[in-house]
Amino acid sequence: MRAVVLISGRGSNLQALLAAQRGGELGVKIVGVISSRDDAPGLRRAAAAGCRVAVVDATRYPGRAAFDAALSEQIDAWQADLVLLAGFLRIFTDDFVIRYQNRMLNIHPSLLPALRGLHTHRRAIAEGHTEHGCSVHAVTPELDGGPVILQARVAVRAEDDEQTLAERVLRQEHRIYPHVVRWFADGRLQLNPDSVILDGKPLARPLQVRAGDPLPD
Ligand code: GRF
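Before going into details, it helps to say that this report is about the structure given with it. (Residues numbered from 1 in each chain as written. Predicted model: local features only at pLDDT ≥ 70, side-chain atom pairs only at ≥ 80, totals over all residues. Heavy atoms only, no water.)

Describing the packing of helix α1 (residues 12-22) against helix α6 (residues 162-185)
Geometry of a packed helix pair, given as the angle between the helix axes and the separation of the axes. Contact geometry of α1 with α6 gives a least axis separation of 9 Å together with a crossing angle of 50 degrees. With respect to their mutual orientation, α1 and α6 come out oblique. The hand of the α1/α6 crossing is right-handed. Where α1 approaches α6, its residues S12, N13, A16, L17 and A20 are matched on the opposing element by L170, E173, H174, Y177, P178 and V181. Taken together, the residues of the contact of α1 with α6 break down into 7 nonpolar, 3 polar and 1 charged. (Axes fitted to C-alpha atoms, helices over the stretch in contact; angles between N-to-C directions. Helix = DSSP H or I, 4+ residues; strand = E, 2+ residues; numbered from the N terminus. Parallel < 35°, antiparallel > 145°, perpendicular 65-115°, else oblique. Left-handed = near helix turned anticlockwise from the far one by under 90°. Contact = heavy atoms within 4.5 Å. Nonpolar A, V, L, I, M, F, W, Y, C, P; charged D, E, K, R; others polar.)

The structure is reproduced here in structure tokens:
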């Protein structure tokens, strides 16, 4: 199975996926990395891992439809069975999402449906959340609104600031994202527009794990 990873920045989730691939734990081959920016640090991580890279520079396209068309062209040229969003900071057209809906995953730094959008760690602290975390979800046209598959819960500590909380959540992102990819690779996970099927059964609610606990099989 062939996967393409889409990034816009740092690429630490990409790195975690590449590490899982190297360890034989991912179940898919990352055949290419696409960045929406030519200065994304993640591009260097991809190149260092010997991965093909492409830049589809969002600033060069007149609008979202043109950008998404260029993106699709690259994804399809690499014959991707799975599209993994990993810090990809672009909002897609509905057409793009619908085209890849049954084979596109995202990692989001909150316990969805709480805290969609940006600056989730800052908002979790400001709003006095006692728990925070991250979610791997299927992608649907509704931003950060697709069915959630697996979440990791992280306690918010009194002394946390945005950065310390982000670091603890990020460590969990790096655990749960490759794990869900493996389920997809093994044919255990099917993505539908409004539900996900795991081991033949619709997931009534996201699976959850606490930081430090073992991941579900
Ligand atoms: C992560 O927090 C991810 O959840 C969010 O964007 C950030 C990307 O970080 N979607 P990185 O580029 O993977 O380091």
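Re the sheet that holds strand β6 (residues 131-138)
In space, the 8 strands of this open sheet follow the order β3-β2-β1-β4-β5-β6-β7-β11, with mixed pairing throughout. Since the sheet does not close on itself, it has two edges, and those belong to β3 (53-55) and β11 (207-210), each with one partner. Averaged over neighbouring strand pairs, the angle between their axes works out to 20 degrees when direction is ignored. With 7 bridges connecting them, β6 and strand β7 (residues 148-155) associate as antiparallel partners. (Pairing = 2+ DSSP bridges.)

Considerations on the layout of surface pockets
Taken as a whole, the largest pocket holds about 1000 Å³ of empty space. Residue assignment for the lining of the largest pocket shows that the elements contributing at least two residues are α1, β5 (104-108), α5 (120-126) and α6. By residue number, the principal contributor to the lining of the largest pocket is α6, which donates 4 residues. Tallied by class, residues from the lining of the largest pocket come to 17 nonpolar, 14 polar and 6 charged. (1 Å grid on protein atoms, 1.4 Å probe; cavity = no way out; pocket = protein on both sides within 12 Å on 5 of 7 lines; lining within 4 Å. Points joined across faces, edges and corners; volume = space filled by probe spheres on them.)

Honestly, it's all geometry; don't read function into it.
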